[in-house]
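One-letter residues, chain by chain:
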Amino acid sequence: AGYTLTDGLGNFEVRRVPPGDYYLEAIPSRNSPLSKSSELDPFEKRPPAPTRTFFPGVPDLQSAKHISLKLDQKLEAKNFSLLQKKPLTIRGQILPPKSIMNIWAHRVDHSQMLGGYNFAAQSDAQGKFSFAGLHSGEYILSLDSAKPISGHSSRTRVILEDRDADNIKLSLSSPANWTGRA
């Protein structure tokens, strides 16, 4: 029936709502300062992400409180706290381990034409790596050697939903060449 955005303090007002039965839902914006990593150090851990929340602070519609609005009725403040999603982790290993390498996790944002966000980690000498404090979503992992390994690279896609992704393998391989005509 209506929607609005909050101000910087989380205050909101929904106007011109017709009488009826409603549920109040808060959906975090993809443009939230918590989501923006372009200004953050890619090696920095992320805070928990706010997640979709229904009034009075529950995760699903079945648990939400029903709100009835009558003609010319003004509702009292409907304050509630946004739920926080548990940060997630991607763990894996580079095979074969060659040296300490930088691994980039690019979070794909399908809602924006110009890409997503980048996070970084470094492998240990055995090739093991970990990205902690991530939010759910699609990530493309790629390698960047701290000591150049001529002609070797790796990429893989990881989808994080409600649990950590463990045992991800990044295998070093020689890059391929593409030819064609457009």
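Please refer to the structure placed before this passage.
All of the points below concern the structure found in this document.

What to know about the sheet that holds strand β10 (residues 128–134)
- Strand order in the open sheet made by the three strands is β10-β7-β13, with mixed pairing throughout. On the outer flanks of this sheet lie β10 and β13 (165–171), each paired with one strand and no other. Across the sheet, the axes of successive neighbouring strands diverge by a mean angle of 25°, strand direction being ignored.
- With five bridges joining them, strand β7 (residues 88–95) and β13 adopt parallel strand pairing.

So, the environment of Arg155
- Locating Arg155 in the fold gives a position in strand β12 (residues 155–160).
- With relative accessibility at 64%, the residue Arg155 sits in the exposed group.
- The residues contacting Arg155, other than those within four sequence positions of it, are Ile140, Leu141, Ser142 and Leu170.

Observations concerning the packing of aromatic side chains
- Applying the stated rule across the entire model yields two aromatic pairs.
- Ring geometry for Phe119 and Tyr139: centres 6.1 Å apart, planes at 55°, overall tilted. With a gap of 20 residues between them, Phe119 in strand β9 (residues 117–122) and Tyr139 in strand β11 (residues 137–145) connect regions that are remote in the sequence.
- Judged by its relative accessible area of 7%, Phe119 is buried.
- Plain terms: the ring middles of Phe129 and Phe131 are 6.2 Å apart, the flat faces sit at 70° to each other, and that makes the pair edge-to-face.

A closer look at the nonpolar core
- Membership of the largest hydrophobic core comes to 20 residues, with the highest contact counts inside it found for Ile90, Ile94, Ile103, Phe129, Phe131 and Leu141.
- Those elements that place two or more of their residues in this core are β7, β8 (101–108), β9, β10, β11, β12 and β13.
- Excluding anything up to four places from it in sequence, Phe131 contacts Leu88, Thr89, Ile90, Ile103, Trp104, Ala105, Phe119, Ala120, Ala121 and Leu141.

What counts as what
Residues numbered from 1 in each chain as written. Predicted model: local features only at pLDDT ≥ 70, side-chain atom pairs only at ≥ 80, totals over all residues. Heavy atoms only, no water. Pairing = 2+ DSSP bridges. Helix = DSSP H or I, 4+ residues; strand = E, 2+ residues; numbered from the N terminus. Axes fitted to C-alpha atoms, helices over the stretch in contact; angles between N-to-C directions. Buried < 20%, exposed > 50% of the residue type's maximum accessible area, 1.4 Å probe, protein only. Contact = heavy atoms within 4.5 Å. Phe/Tyr/Trp six-rings, centres within 6.5 Å; stacked < 30°, edge-to-face > 60°. Core = buried A, V, L, I, M, F, W, Y, C linked by side-chain atoms within 4.5 Å.

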